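# Topology and contacts: notes
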Amino acid sequence: MALREETEQETGTPPPTATLGVGMVGYAFMGAAHSQGWRTAGHVFDMPVRPVLAAICGRDRTAVEAAAARHGWAAAETDWRALIARDDVQLVDICTPGDSHAEIAIAALEAGKHVLCEKPLANTVAEAEAMAQAAERAAARGQVAIVGFNYRKVPALTHARAMIEEGRLGRLRHVRATYLQDWLVDPESPLTWRLERERAGSGALGDLGAHIVDLAQYLAGEPLVGVSAVSETFVRERPVPAGAAAGLPGAADGTARGAVTVDDATLFTGRLASGALASFEATRMAAGRKNALRLEINGERGSIAFDLERLNELSFHDHTEPPTSAGFRRILVTEPQHPYLEAWWPPGHGLGYEHTFVHQARDVVRTIVEGRAPVPSFADGLQVQRVLAAVEESAAKNSVHTPVPF
């Protein structure tokens with residue numbers, strides 16, 4: 001690939017002029033977030049190569065050209081196959097609805113490109129398996145395939161993972177995770193692709209549940225091996241939006257209505273491989289909750305808690321301290337010694353949601369150049385997909401306990 005040719009120097013250090021041409025498919029909410037990441041990473045971090053926003057792709061010529069101009073992409077395409085074929089694209093970033101992930105990712109890998117794919121990896125386990133197999137074949141050729149679980153890139157959560165790996169909590173006993181939003185509470189909120197099974201795969205489960213399943217397994221360092229679930233669709237018909245359906249609420253034409261074919265909310269319990277218990281709640285019907293992702297991990301030696309609405313902080317309880325002084329304390333994760341923070345602001349100056357995509361871009365580039373194993377890999381995305389499938393199966397069978405293969 002062009003990147004490899006440019007960076008193979010006797011010293012093993014890429015020259016500052018080396019570039020990684022990025023081509024992105026999709027330009028809406030996630031497209032904007034990923035654009036921010038690619039555009040910013042090289043200005044903040046000491047990068048081994050410079051990401052270049054080579055081309056962006058979408059079906060609507062006018063809209064994709066506007067997105068290219070707004071986000072700084074050099075060119076626009078209306079056919080993802082043409083984007084993959086471009087010589088100036090070495091990495092394909094997939095920000096489309098889930099029904100197209102497998103086709104685009106496999107084609108890009110077979111064309112010799114690196115791939116970053118938004119979560120959930122696919123709409124079905126079969127698609128995710130095909131993608132993981134394609135990624136494994138591509139890895140033998142030196143290509144990288146990464147799934148975009150951006151919340152792993154929150155410095156506080158990366159730090160929490162390190163604390164758990166160090167044994168600060170001891171043997172884990174409980175993992176508790178919720179992800180609550182309210183953008184579907186209004187029954188007149190328009191029908192979007194996120195509410196159609198054939199495009200989204202599932203509703204709150206895949207959209208929000210995928211994140212907290214991945215974070216639970218990432219923080220615990222072990223997979224879920226069984227689940228028991230319930231789910232519900234509270235509003236079964238919604239107004240069809242005026243014009244093209246977007247991913248998030250927009251205007252409706254007020255006449256035609258369409259069926260909602262995914263879950264509004266899913267709750268499930270699970271067990272990790274070590275025997276630790278876990279509980280999960282994912283809903284887009286929690287009035288007053290805009291983007292409330294919360295996690296708590298309890299172990300024999302202590303506990304860690306995280307709230308996305310306070311994403312620069314961790315709450316930590318050391319249960320080995322004397323009871324007269326023990327209790328939850330705040331760790332402000334803004335020191336230069338914390339993950340990713342060496343490149344940002346002085347201590348106490350917090351980061352936000354968009355920075356997770358900057359960190360993701362940095363990690364993708366370094367993984368490619370340094371030849372490291374991709375994390376989170378397509379295999380990680382497949383494992384999450386297997387959990388989601390087991391949750392749906394359990395909910396369909398009146399909450400029967402359902403094993404998760406791993």
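The chain carries the name Oxidoreductase domain protein in an unreviewed UniProt entry, which gives Streptomyces pratensis as its organism.

Each assigned domain of the chain is listed here: domain 1 (19-151) and domain 2 (152-403). Using only C-alpha atoms to locate each centre, domain 1 and domain 2 end up separated by 22 Å. Together, the buried faces of domain 1 and domain 2 total about 4,200 Å²; carbon and sulfur atoms form 73% of this surface. Contact with domain 2 buries surface across domain 1, with Phe45, Phe149 and Tyr151 losing the most and accounting together for 24% of the total. Inspection of the region where domain 1 meets domain 2 yields two salt bridges.

Here the bond from Lys119 into Pro120 is cis, since omega is -20 degrees, no more than 30 degrees from zero. For Pro120, the position within the fold is in the loop between strand 5 (114-118) and helix 6 (125-139). Here the amide bond leading from Val375 into Pro376 is cis, since omega sits at -10 degrees, within 30 degrees of zero. Positionally, Pro376 belongs in the loop between helix 10 (355-370) and helix 11 (378-396). In the Ramachandran plot, Tyr340 falls in the positive-phi region, its phi being about 75 degrees despite a non-glycine side chain. Tracing the sequence through the fold places Tyr340 in the loop between strand 16 (329-332) and helix 10. The class for Tyr340 is buried, based on a relative accessible area of 8%. In this structure, Asn398 takes a positive phi of about 60 degrees despite not being glycine. With respect to the element layout, Asn398 can be found in the loop between helix 11 and strand 17 (402-403). Judged by its relative accessible area of 71%, Asn398 falls in the exposed class.

Attention now goes to the packing of aromatic side chains. A complete count under the given rule lists seven aromatic pairs for this structure. Taken together, a centroid distance of 6.0 Å and an interplanar angle of 65 degrees make the contact between Tyr151 and Tyr179 edge-to-face. Here Tyr179 lies in strand 7 (residues 172-180) and Tyr151 lies in the loop between strand 6 (145-148) and helix 7 (155-165), a separation of 28 residues in the sequence. For Tyr151, a relative accessible area of 4% translates into the label buried. By relative accessible area, Tyr179 is classed as buried at 2%. Through a chain of ring-to-ring contacts, the aromatic side chains of Phe29, Tyr151, Tyr179, Tyr353 and Phe357 assemble into a single cluster. It is Arg362 that lies over the ring of Phe45; its NZ or CZ is 5.0 Å from the centre.

Quick look at the sheet that holds strand 8 (residues 224-232) now. Pairing within the open sheet is mixed, and its nine strands lie in the order 16-15-14-13-7-12-11-8-17. Where the open sheet ends on each side, the last strands, each with one partner, are strand 16 and strand 17. Helix-sheet contacts for helix 9 (residues 204-220) involve strand 7, strand 8, strand 11 (265-272), strand 12 (277-283) and strand 13 (292-299), and the interaxial angle to strand 12 is about 155 degrees. Sitting on the sheet, helix 11 touches strand 8, strand 11 and strand 17, and the angle it makes with strand 8 is about 50 degrees.

Note on pairing: side chains with opposite charge can pair once their charged atoms come close. Following the criterion strictly, the structure yields 25 salt bridges and no others. The salt bridge involving Glu77 is made with Arg86; its shortest N-O contact spans 2.8 Å. Where salt bridges share partners, they join Lys119, Arg194, Asp207 and Arg284 into one cluster.

Our next topic: the environment of Arg238. Locating Arg238 in the fold gives a position in strand 9 (residues 237-241). Sequence-wise, Arg238 and Thr192 are 46 residues apart; in three dimensions their C-alpha atoms are separated by 9.1 Å. In terms of polar contacts, Arg238 uses its side chain to reach the backbone carbonyl oxygen of Pro187, at 3.5 Å.

Glancing now at the sheet that holds strand 2 (residues 50-57). The sheet built from six strands is open, its strands ordered 3-2-1-4-5-6 with parallel pairing. Of all strands in the sheet, those with a lone pairing partner are strand 3 (76-77) and strand 6, marking the two edges. In terms of strand pairing, strand 2 meets strand 3 through two bridges, oriented parallel. When the sheet's bridge partners are listed, Cys57 is paired in strand 3 with Glu77. Along the sheet face, helix 10 touches strand 1 (19-25), strand 2, strand 4 (91-94), strand 5 and strand 6 and points at about 155 degrees away from the line of strand 5.

Within the element layout of this structure, Ile212 appears in helix 9. Overall, Ile212 belongs to the buried group, its relative accessible area being 0%. Between the C-alpha atoms of Ile212 and Glu281, which are 69 residues apart in sequence, the distance is 8.8 Å.

With 15 residues, helix 6 should cover 21 Å at 1.5 Å per step; its first-to-last C-alpha distance of 21 Å lies within 8% of that length. When we look at burial in helix 6, the residues that qualify are Ala128, Met131, Ala132, Ala134, Ala135 and Ala138. When helix 6 is viewed along its axis, its buried side chains cluster within an angular range of 160 degrees and face the same direction. In helix 6, those exposed residues whose orientation departs by more than 90 degrees from the buried face are Ala126 and Glu136. Lining the buried residues of helix 6 we find helix 5 (101-110), strand 5, strand 6 and helix 11.

What counts as what
- Residues numbered from 1 in each chain as written.
- Predicted model: local features only at pLDDT ≥ 70, side-chain atom pairs only at ≥ 80, totals over all residues.
- Heavy atoms only, no water.
- Domains from an automatic or database assignment.
- Buried area = accessible area lost by both parts, 1.4 Å probe.
- Salt bridge = Lys/Arg side-chain N within 4 Å of Asp/Glu carboxyl O.
- Helix = DSSP H or I, 4+ residues; strand = E, 2+ residues; numbered from the N terminus.
- Buried < 20%, exposed > 50% of the residue type's maximum accessible area, 1.4 Å probe, protein only.
- Phe/Tyr/Trp six-rings, centres within 6.5 Å; stacked < 30°, edge-to-face > 60°.
- Lys NZ or Arg CZ within 6 Å of the ring centre and 35° of its normal.
- Pairing = 2+ DSSP bridges.
- Contact = heavy atoms within 4.5 Å.
- Axes fitted to C-alpha atoms, helices over the stretch in contact; angles between N-to-C directions.
- Polar contact = N/O pair within 3.5 Å; in protein donor to acceptor, adjacent residues only side chain to side chain.
- Expected span 1.5 Å × (residues − 1).
- Arc of directions from axis to C-beta.

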